4 protein chains.
Amino acid sequence: MIVAMQENATEEQINGVIEVMEESGVHVHRTTGAMQTILAAVGNTAGLDLSKFEVLAGVMHVHRISAPYKLAGRAFRPEGTVVEFPNGAVIGGQKIAIMAGPCTIENRDQLFAIAASVKAAGGSFLRGGAYKPRTSPYSFQGLGIPGLELMREAAAAHGLATVSEVMEIAQIGPMLPYVDCFQVGARNMQNFNLLRELGQVRKPVLLKRGIAATVEELLLSSEYILSGGNYDVILCERGIRTYETSTRNTMDISAIPVLHKLTHLPVVADPSHGTGRRDMVAPMAKASVAAGADALLIEIHPNADKSVSDAAQTLYLDQFEKLVKELRLIATAVGRTL
Amino acid sequence: MIVAMQENATEEQINGVIEVMEESGVHVHRTTGAMQTILAAVGNTAGLDLSKFEVLAGVMHVHRISAPYKLAGRAFRPEGTVVEFPNGAVIGGQKIAIMAGPCTIENRDQLFAIAASVKAAGGSFLRGGAYKPRTSPYSFQGLGIPGLELMREAAAAHGLATVSEVMEIAQIGPMLPYVDCFQVGARNMQNFNLLRELGQVRKPVLLKRGIAATVEELLLSSEYILSGGNYDVILCERGIRTYETSTRNTMDISAIPVLHKLTHLPVVADPSHGTGRRDMVAPMAKASVAAGADALLIEIHPNADKSVSDAAQTLYLDQFEKLVKELRLIATAVGRTL
Amino acid sequence: MIVAMQENATEEQINGVIEVMEESGVHVHRTTGAMQTILAAVGNTAGLDLSKFEVLAGVMHVHRISAPYKLAGRAFRPEGTVVEFPNGAVIGGQKIAIMAGPCTIENRDQLFAIAASVKAAGGSFLRGGAYKPRTSPYSFQGLGIPGLELMREAAAAHGLATVSEVMEIAQIGPMLPYVDCFQVGARNMQNFNLLRELGQVRKPVLLKRGIAATVEELLLSSEYILSGGNYDVILCERGIRTYETSTRNTMDISAIPVLHKLTHLPVVADPSHGTGRRDMVAPMAKASVAAGADALLIEIHPNADKSVSDAAQTLYLDQFEKLVKELRLIATAVGRTL
Amino acid sequence: MIVAMQENATEEQINGVIEVMEESGVHVHRTTGAMQTILAAVGNTAGLDLSKFEVLAGVMHVHRISAPYKLAGRAFRPEGTVVEFPNGAVIGGQKIAIMAGPCTIENRDQLFAIAASVKAAGGSFLRGGAYKPRTSPYSFQGLGIPGLELMREAAAAHGLATVSEVMEIAQIGPMLPYVDCFQVGARNMQNFNLLRELGQVRKPVLLKRGIAATVEELLLSSEYILSGGNYDVILCERGIRTYETSTRNTMDISAIPVLHKLTHLPVVADPSHGTGRRDMVAPMAKASVAAGADALLIEIHPNADKSVSDAAQTLYLDQFEKLVKELRLIATAVGRTL
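Fair warning: this is a prediction, and the values are worked out from it, not measured in the lab.

This part covers the overall build of chain A. In terms of helices and strands, chain A carries eleven helices and 14 strands. In terms of overall dimensions, chain A has a C-alpha envelope of 75 × 45 × 40 Å along the principal axes. Buried positions account for 66% of the 338 residues belonging to chain A. Within chain A, residue pairs in contact and separated by at least 24 positions form 67% of the contacts whose partners lie at least 6 positions apart. Computed over 31 positive and 34 negative side-chain charges, the separation of the two mean positions in chain A equals 7 Å.

See below:
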């Protein structure tokens, strides 16, 4: 942390700031310039609240000069994390993984048709929602455990791993037998109690970026899980909220290479939520692979127009299978397989 | 809901859309123009997912023409909601209420000094955090129940009502004896399970707007609580995330009059989180009262610079007491009391 | 400027950065910490492009520690700038000024009725558009010089100063006889050639913040005018673009106190463009005065619903006159007059 | 345009709205529902200001149901526009074009080295800045015409077409001999007078999206040029402003397929400005091609670190040539050439 004092800061103000810094447990190096004095904090600054120093008398600006996360940082595991699943699938290696399924698990026929399609396309993950966070209390809220039982059965029939969203701590235990990967939705990215609890679990966690979260905040959230000893965290870009309304969210494709630079954790792209529009899923899936995504998460449904949720962004099975073929060509072009 | 078809939509496409609309449980009125056909849905459209219709063949745009919330709508209670508290305080009437306290409850001395200051200034609510959602897992996480016990005691000594943040369902029961008002933080605004549970409680809920939430989404979240039968919901504007970085958040003062137009629920302004800077709290508190806020939520601390959290935005007690005097003048200028 | 090197930066990288810094004309102070090396630039860094240093090998972050503007900075004129007008009005002093008028000058009857209303309400500035920047090429584009002649005449009849928007350099000369203050619209806030030319003029300039401009960018734009020797610059907050759609723009009320802290230039608030909705103009005008605005800019029209532009945000004359009375009470409450 | 009346709107209010609609030159179709009355406008609504109707008494919402632009709409030229250049290059066809050059033209050696590199890589366009819009008045402002002379000479030596930014109307004439394509920068996207003037020119215009412009606003701006009879407009996505700070702008890759759906005009991607970081240019260039971009605009410099402007986002020539080879593989994967 660097504290830049105002040009006219008094010695008394400077000493006041030094005192507060030292009370926070850091050592202070002072550089007195012709115009401005600069105070550099040396020591463990990861837990410091920088804004606290910004309002001290005589302070101009405070800057963080080291990342506020540790375990998630690239330097912690420079070779990159590869997350392995019971069905042999991996996320984070040279091969790009395909995760697909319905927004909401509706019934056996729907789910088995989807699982067959995922398998046929070469995917390894069946994703489906059993607990649904809905903005309106008047919307359908999910099948719960019976839905997860269906998912486990359909996945087993095709050698797929399962992924489903966990919305609160109490669901973790009951979900354990049914999911190979817990998904934390965008709205829960800063549900820190849930994250801490998932740090105690020994199953991978797919952590979605909140719609207004910065890349740094996403990494800080992953740190909650990692610091509990669960190192199998997969990050997911799924669109952020901006002023543009032609797509439901603005998919921040650049977050993919930015994350690869900052962290060792694998990065998944979700072009379904990223755009909210079926006709934009294919180009954005391609862009994601070209930009370096380690996996794709795609919503599919045998009768997409009649999906009970997210219909607008859900692909029909034939659209999905055609897309995966096209993605394979892009993967090859960037030196990977799919 | 209005579905505007593309200019060149075929009869087959139009009939296809009508069919999906009718399956969703609404009646359809068709207007065939020279250029364009328009389909209006008649019936209960509150739970409809509009985007589902946007991707049907031949559709140009879909527009919602009635609000997606019911109980929160102004029309439900045109005279406005007045929330009453055991200590006689009210929020939503002609009198503007002051809620103040520390970001984090630290110890007895801190809290009793604050409670005395709130009372001296004419405030009626003591607010303090016992469970802290922190972006970094390496930061202090709150005192829990012992902190709430302190708060109840300090509040009782001065006839104040208590407010504290609830972060998950499991905390509701244990918190009940200690809080007169549950606060739902910005990060939990769309934690729908928590909201639904709070709908079953018979204590007021102060619901903070998420940092990327629209006014409509805030109202939909309040609907979760209202639909459980808990009508004592207080909404809170506390700053939204924008591209501007000179303040931590951009306080959306216009949300105050917009909410008063759309809903009967009272509106609180939080200039501490709204700006994140101590020197901006006073002007934004004044602006909030001028714009029609029903209450203010202000972070204060006897030794603000050394507050364990949110130091940058926390007022010293004398700053707070001076501010409340100034706010009283503004309240009078807009025909209210404080 | 502070350059924080990566923890593992080599001596060669550090020396490379020092070399580029010195070539940019600054002296370098090096602090070698146990973990990290920090390079501080001493000298004139106002024109430096910081991002240039960010991509040098071994660099972690680059931070600006002094403001990139000089003449606009508070320190340049700590007592604050007061802009004076030929009719005796001032902006920037203890008295809050009222500027009002139609979005577009339409005809003599309209304009004279408006000028009379401005005068009756106690305002000192008549503002009207003669050149209109319209998003659609199919919309009305303004009356031009004949409109300005009408404005000068109507203003003279009531002792008002005139304000009108200049859209390009070629309009400056022809407009000179008619305007007492040039307005630079939000879309031209970074039209640097226009700004530079206005720096040569000896009439005040009202500079509107762009809809996606930061406070710092607004100040940098004002620096273009100031550096030409024209010190009579008035800044204007008129709403920024965010994800929220319940108002056309989100009025950033906090920009008013933030600007007062950073600069000596007076600050005007435009609640008409700030909200885009007639029913929000009054509460936001009040909030602006409470937050410290030095003047208000309000769109008014004798037949607001039929205004050829901006009808939705334009007040009727009686609404305007009533509002100014209410604002006077707020001005008194914050220790000012109006 | 659809006007949805409030549920309790009176007959008088409904008739009032109908009257204002008819005065605006449209016919009105009325649908009286059990709950709500809906008024549909029939006729030319392209120039209508919708917000004008939103504030009329009894109105709930107003919705546009046809696009506010005509000539830019996909339907105007369903087969897509192909822009041709004197050197035989085209933008908009099956082949993806490469446009590259320095942010600022500095000197002969710099520019000739760059032109040779563009040619060697298989590019057809040399882009360089002679007039520079700089946020700080203390930064270098460009070489002007002598710079353009150099650019024409360097381009001619390698059979390249030239592109340079025009900042104001007065520059159009002097620039004509030197440029094959006028670039309108992001800050001038809504400089409507400049756009109108460029509509009179018979050279292609590359129109950059403003940093806070919606896709619809970009199309409305292109309409200004098209409506003057200049149909050779090329649109450019170059990043928008969001809350995320890990990249200078957030490149909206989804704008590429969205534009292809809405308009017949070709779409260029600018990953240099889109990210502001050299290390992000390659992945975002690849993503742009995968998403359907018709051309790429890339900043390059033989000594990128010492570029007088935009150094941080400028590629070295060898990085550029390597990137184009990689892009060629992606182009093939999406069925195009480069």
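So, on to the interface of chain B and chain A. Taken together, the 47 residues of chain B in the interface contact 47 residues of chain A. A combined buried area of about 3,900 Å² lies between chain B and chain A, and 51% of that area is made up of carbon and sulfur atoms. Our enumeration of links across chain B and chain A arrives at two salt bridges. Across the chain B-chain A interface, the total number found is eight residue pairs in polar contact (both at pLDDT 80 or more). For the side of chain B that touches chain A, the secondary structure elements donating two or more residues are α1 (11–23), α2 (51–54), α5 (169–175), α6 (192–198) and α7 (215–226) of chain B.

On to the relation of the copies chain B and chain A, then. Of the transformation superimposing chain B on chain A, the axial component is 0.0 Å and the angular component is 180 degrees, with the fit at an RMSD of 0.0 Å. Such values leave the two copies arranged in the relation of a two-fold axis. When each C-alpha of chain B is compared by its distance to the rotation axis, A212 of chain B comes out closest, at 2.8 Å. Both copies contact each other with a shared surface, as 100% of the interface residues of chain B are interface residues in chain A too.

This next bit is on the interface of chain D and chain A. With 35 residues of chain D at the interface, the matching set in chain A holds 35 residues. Of the roughly 2,600 Å² buried at the junction of chain D and chain A (both faces included), carbon and sulfur atoms supply 68%. Where chain D packs against chain A, one counts four salt bridges. The salt bridge partner of D279 of chain D is K261 of chain A, with a shortest N-O separation of 2.4 Å. Where chain D touches chain A, the interface holds nine residue pairs in polar contact (both at pLDDT 80 or more). Mapped by element, the contributors of at least two residues to the side of chain D that touches chain A are α8 (255–262), α10 (278–290) and α11 (317–333) of chain D. A per-element tally of the side of chain D that touches chain A places α10 of chain D first, with seven residues.

What counts and what doesn't
Residues numbered from 1 in each chain as written. Chains lettered and ligands numbered in written order. Predicted model: local features only at pLDDT ≥ 70, side-chain atom pairs only at ≥ 80, totals over all residues. Heavy atoms only, no water. Helix = DSSP H or I, 4+ residues; strand = E, 2+ residues; numbered from the N terminus. Buried < 20%, exposed > 50% of the residue type's maximum accessible area, 1.4 Å probe, protein only. Contact = heavy atoms within 4.5 Å. Lys, Arg positive; Asp, Glu negative; His and termini not counted. Charge placed at Lys NZ, Arg CZ, Asp CG, Glu CD. Buried area = accessible area lost by both parts, 1.4 Å probe. Salt bridge = Lys/Arg side-chain N within 4 Å of Asp/Glu carboxyl O. Polar contact = N/O pair within 3.5 Å; in protein donor to acceptor, adjacent residues only side chain to side chain. Least-squares fit on C-alpha atoms with pLDDT ≥ 70 in both.

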